[in-house]
Amino acid sequence: MEKTVHYEKTLTSEVLFEGRVITLTKDTALLENGKTAEREVVHHHGGACILPYFEDGTICMVRQFRYAMQQELWELPAGKLEKGEDPFEAAKRELDEECGLTADNYISLGQFFPTVGYDTEVIYTWVATGLHKTQMHLDADEFLTPDRVPLDKAYEMVMSGEIRDGKTIAGILKLKALIAEGRL
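What counts and how
Residues numbered from 1 in each chain as written. Predicted model: local features only at pLDDT ≥ 70, side-chain atom pairs only at ≥ 80, totals over all residues. Heavy atoms only, no water. Helix = DSSP H or I, 4+ residues; strand = E, 2+ residues; numbered from the N terminus. Contact = heavy atoms within 4.5 Å. Areas by Shrake-Rupley, 256 points an atom, 1.4 Å probe, with all protein chains shown as cover. Lys, Arg positive; Asp, Glu negative; His and termini not counted. Charge placed at Lys NZ, Arg CZ, Asp CG, Glu CD. Pairing = 2+ DSSP bridges. Axes fitted to C-alpha atoms, helices over the stretch in contact; angles between N-to-C directions. Buried < 20%, exposed > 50% of the residue type's maximum accessible area, 1.4 Å probe, protein only. Salt bridge = Lys/Arg side-chain N within 4 Å of Asp/Glu carboxyl O.

Student: Got a sec to walk through the overall build of the protein chain? Specific residues and values, please.
Tutor: Within the protein chain one finds 3 helices and 10 strands. Along the protein chain, helices and strands appear, N-terminal first, in the series β-β-β-β-β-β-β-α-β-β-β-α-α. Expressed along its principal axes, the backbone C-alpha trace of the protein chain runs to roughly 55 × 40 × 30 Å. Sequence-distant contacts, at least 24 apart, represent 57% of the contacts inside the protein chain between residues at least 6 apart. In the structure as shown, the protein chain presents an accessible area of about 11,200 Å², 52% of it carried by carbon and sulfur atoms. Charge centroids of the protein chain, computed over 20 positive and 32 negative side chains, lie 3 Å from each other.

Student: Quick one: what's the story with the sheet that holds strand β7 (residues 78-80), residue by residue and with numbers?
Tutor: One open sheet holds the 4 strands; their spatial order is β7-β4-β9-β8, and the pairing between them is mixed. Looking at the sheet topology across the chains shown, the edges are occupied by β7 and β8 (101-112). Neighbour-to-neighbour, the strand axes of the sheet open up by a mean angle of 20 degrees, direction not taken into account. The sheet strands contacting helix α1 (residues 87-99) are β4 (47-52), β7, β8 and β9 (123-133), and the helix crosses β8 at an angle near 130 degrees. Of the strands in this sheet, β4, β7, β8 and β9 touch helix α3 (residues 166-180), which is tilted by about 100 degrees from β8.

Student: How would you summarise the side chain of Gln64 if you had to cite specific residues and measurements?
Tutor: Looking at the element boundaries, Gln64 is found in strand β5 (residues 58-66). Taking the relative accessible area as the measure of exposure, Gln64 reaches 8% and is therefore buried.

Student: So what's going on with the pattern of salt bridges? Which residues, and what values?
Tutor: Summed over the entire model, instances satisfying the criterion amount to 13 salt bridges. Glu8 is the partner of Arg39 in a salt bridge, and the nearest nitrogen-oxygen pair spans 2.8 Å. Separated by 31 residues along the polypeptide, Arg39 in strand β3 (residues 36-44) and Glu8 in strand β1 (residues 8-18) bring together distant segments of the chain. What makes Glu8 partly exposed here is its relative accessible area of 44%. Glu181 is paired through a salt bridge with Arg183; the nearest N and O atoms lie 3.0 Å apart.

Structure follows, in C-alpha cells:
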C-alpha cells in the first residue's frame, strides 16, 4: 500500500443540521500547504445493499420512486444503516423485506463511497445465492416492486444508462466481473 501523500486536518466542526438520516457540518480544515478551507460534510450512517442472484442467471431488482430525483429508478435492494448496525445483518434484512427472499450463501462485493466530495456514506454490498421465497414486508412509507431480470439484460441497462443508481451499477458490474473471472 502506498503511503498517504495528501491530507487535510479538521480544525473546527459546527453542526448546521441534524436530521433523522443525515447530519450536516461546516468544518474548517488545515490544508497541506498551511492554509485553511471550509468544508461542508454530510454525515450518514451508511447503507447495505444486496444483489439476489438466482441459479437461472436472473437477479432481483426493485423499481422505486426516489423523491430527491423525482423519478422511479431501478435499484438493487438496499437500506440505510441505523447507528452501530451491522451492515451484513442489514443486507439480509433488506433481502427479506424488499424481495421476500432469504439466501443460503453470501459473497461480499466490498464497500464503496458513493459521493466522496462531501458525504461520509459507505455502502456495503453482497451477492446472495441459494435463494428461497418468503414474504415481503415493506416499511409503512416504502412502495416498490421487485422484478427478476436476466443479469445480461441488467448489464445492458447499466451500459445504456437506463440504470443510473450508483450502488446498482457497481453491484451489477462487480457480479459480471466475478462471473467472467470464474470466481462465482
